[in-house]
Amino acid sequence: MWNSIPFLPSNHLHDSYVWSGNASGQCTISSVWKHFRANSDKVDGDGLLWHAWPIPRFSFVLWLASRGRLRTMDKLHNNSQRTCILCNEHEETHCHLFFACNYSSPIWQEISARAQMVWNPAPWPQTWAATVQSNAQQTKDAIIHSIRERLGGIDEGIRPPGSILLRLTARVVNDKTTTTKNKKVKLETQTWSDLPIELLELILCRLSLEDNIRSSVACKRWNSAAISVRVVNQSPWLMYFPKFGNMYEFYDPAQRKTYSLELPELYGSRVCYTRDGWLLLYRPRTNRVFFFDPFSQEVVKLPRFELTYQIVAFSCAPTSNTCVVFTVRHVSPTIVAISTCHPGATEWVTVNYQNRLPFVSSIWNKIVFCNGFFYCLSLTGWLGVFDPMERTWNVLAVPPPKCPENFFAKNWWKGKFMSEHNGDILVIYTCCSENPIIFKLDQPKMVWREMKTLDGMTLFASFLSSHSRTDLPGMMRNSVYFSKVRFFGKRCISYSLDDCRYYPCKQSYDWGEQDPFENIWIEPPEDLSAFI
Amino acid sequence: MSSSTDSPTLTTETTQLSPQPDTETAKPTKKITLKSSDNQIFEVEESVAMEFATVKSFFEDSPSTDTVPLPNVTAKPLSQVIEFCKEQIKFKANPDEAQKKKYNAEFVTEKSDKDLVDMIPVANYLEIKDLLDVLNQAVADRIENKSVEYVRSFFGIDNDFTAEEEAALRREHAWAYEGVDED
């Protein structure tokens, strides 16, 4: 009975642990893991997807494709847009997008030709099944590799022209053929006397508008490449606020066209500032302060606040969470009251600051937001700086811009404007029919320097906010556009720094007669649908 | 997770304990042979070759090979590209943006126009994005504010416009041709 039991403890041996998880009896982390984890059935094609040297992104995308789970249009909920992005004709499915589309199929033919493969395009599930079963390792590798390249590229949202895609895949296939066939295949050697068009575009897109235009005359290839990457900026529009009624006019100085819109939302309000396509408005009767986008008619309200005629600005579109509204008013020459607010706040925050240097604010906005600070020019040309993050106020020890004596004429304090360009603070001083002077703040040296040229830039000056633009069409460059109203049907006047003259010329430009709330430069709409 | 945090500690300890045998124990760095289209052989350290995305993926596909043929690349631009990548590896190990910027600027200033243009397709073929950015910007800077004729000679372009076509193009944006630098 005792002997029939196979378990016989032997007294002469010590007890020891034995790991039964693998054959050797030695416990290893991997055997423990294999013991714990749930095993599923082996799937077809695993060797194609997860081999020794996979590029994980490609493997993953190919795995999704093998299951038919890439997010092609037919898999998306949105039923409205289901056509293929490449041909815009058929429904976008795996089969169509990668194989049947008249964009994809020539690429496949070219690849198989270059790889010297005999391969008949079939619907994707069959192709996959055939590839899994295929024993011809080389063909399999080449097909899989090119599929990976294609899927990889498309998955990233890049849709290069067919030729680039082809070069990508062809290169992979070429590499394959070189190694596997021991370089028996004669390689097509490219010469680089001409830069490929896609490389040319990479260079041309770094050029300014005038360099781009000159390059486009070099030859026909360059012409089409330069035009395809050319960016011409749009000029801001002048928006006119009517004395009566709800009809608002918009003037495009580049096209010399006027558009109009009915905006009853603005009833009883006066404009304060504009930036990034948004207006800041104030309704004196109710002390309501609000943002308004005239082209989308979107409104963003701010808490009520009594805005006397004082300078006010905001840092960026109210839809951004970093938007700050800032206003400053002098209480005495050495004390200012600064109020700030932001969209979503319940009240305005007002703090009084003492300044070492006198600061008397102008009632017309000479204020810009630049490099994270609000810069305001005082009535006499001193520069106050407010840091909205640290909530500090400082009047800089920069002597005011120097003007010729004859600049102090009637209404001298009105014809001054302030703008910002790429981190530079610019001030424009005008005086009657004298040529205006433009100053730039030399920030390291802390002095104002007169600018003799704007280097192709264009400035748009209006009483409440002024803007700068680069890469505008020829005749608008190196000029300042002023929002002078309705001079013989002209909507604005300009001063050209190249020609040192106003257009039209010989007028007495007395800003005193102009109502500052009558117009403002505003970002034009992206399309003109609001006016149809 | 644990292995990645452990290993750096271990290495520092070893170097502290035995600073001497560093050279003896260090693995001989693997060399990779690149062969240009004009059959010149370049031996580079593996780390340098891995800067070339194209070479890297070549090795991912066929790990056993030791010579990489580069049928689209001639010897001269290749040697310059290798020189650039060697420096970039130093900056990778020891990040210093200011020094890197300075090096990149010097790298392009001392090159001839032709060298720059020749290197662009090589950098593109080998997929060295940093170098391609540096080169494209350098070329853009060199044709900044230059005349059409200068751009043509810079890139060796044959003008295929007729005189009338060219005149019409120039008329369209006459302002853009004023005030260019002397060639």
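Here, the structure is the one placed above.
Only a predicted model underlies this, so the values are computations on that prediction, with no experimental measurement involved.

Caption draft 1: Just the pairing of strand β10 (residues 335-341) of chain A, in detail. Residue and element names in this part refer to chain A. Where strand β9 (residues 325-332) and β10 come together, 7 bridges link them in antiparallel fashion. Pairing of Phe-326 across the sheet is with Thr-340, part of β10. Hairpin connection between β9 and β10: a loop of 2 residues separates the two successive antiparallel strands. Pairing of β10 with strand β11 (residues 349-354) involves 6 bridges; the strand directions are antiparallel. Bridge assignment links Val-336 to a residue of β11, and that residue is Tyr-353.

Caption draft 2: Spatial organisation of the sheet that holds strand β23 (residues 493-496) of chain A. Residues and elements named next belong to chain A. One open sheet accounts for 5 strands, arranged β21-β20-β22-β23-β24; its pairing is mixed. Whereas interior strands pair on both sides, the edge strands pair on one side only; in this sheet they are β21 (467-469) and β24 (501-503). Ignoring which end each strand starts from, the neighbouring axes of this sheet average 20° apart. Bridge count for β23 against β24 is 3 bridges, and the pairing is antiparallel. In the sheet register, Ser-494 faces β24, and the bridge partner there is Tyr-503.

Caption draft 3: How the structure looks around the nonpolar core. Core analysis: the largest hydrophobic core is formed by 70 residues, its most contacted members being Leu-280, Val-312, Ile-428 and Leu-459 of chain A. Considering each element in turn, this core owes the most residues, 6 residues, to strand β17 (residues 424-431) of chain A. Contact partners of Ile-428 of chain A, with chain neighbours within four places excluded, come to Lys-416, Phe-417, Pro-436, Ile-438, Leu-459, Ala-461 and Val-480 of chain A. Leu-34, Leu-70, Val-73 and Ala-123 of chain B belong to the second-largest nonpolar core, a separate cluster that totals 49 residues.

Caption draft 4: Local environment of the interface of chain A and chain B. Counting from both sides, the interface comprises 31 residues of chain A and, opposite them, 38 residues of chain B. At the level of elements, α8 (162-180), α9 (197-204), α10 (209-215) and α11 (220-228) of chain A are the ones that each hand at least two residues to the side of chain A that touches chain B. Looking at which element gives the most residues to the side of chain A that touches chain B, the answer is α10 of chain A, with 5 residues. For the side of chain A that touches chain B, a count of residues per class yields 16 nonpolar, 7 polar and 8 charged.

Caption draft 5: Inspection of the environment of Ser-235 of chain A at higher detail. Residue and element names in this part refer to chain A. Along the chain, Ser-235 turns up in the loop between α11 and β1 (237-240). Using a count of 20 C-beta atoms within 10 Å as the deciding quantity, one classes Ser-235 as buried. With 237 residues separating them along the chain, Ser-235 and Leu-472 place their C-alpha atoms 6.9 Å apart. The residues touching Ser-235, leaving out its near neighbours within four places in the chain, are Asp-252, Pro-253, Ala-254, Arg-469, Leu-472 and Met-476.

Cut-offs applied
Residues numbered from 1 in each chain as written. Chains lettered and ligands numbered in written order. Predicted model: local features only at pLDDT ≥ 70, side-chain atom pairs only at ≥ 80, totals over all residues. Pairing = 2+ DSSP bridges. Helix = DSSP H or I, 4+ residues; strand = E, 2+ residues; numbered from the N terminus. Axes fitted to C-alpha atoms, helices over the stretch in contact; angles between N-to-C directions. Core = buried A, V, L, I, M, F, W, Y, C linked by C-beta atoms within 7 Å. Buried ≥ 20, exposed ≤ 12 C-beta atoms within 10 Å, placed from the backbone. Contact = placed C-beta atoms within 7 Å. Nonpolar A, V, L, I, M, F, W, Y, C, P; charged D, E, K, R; others polar.

What is shown is where atoms sit, not what they do.
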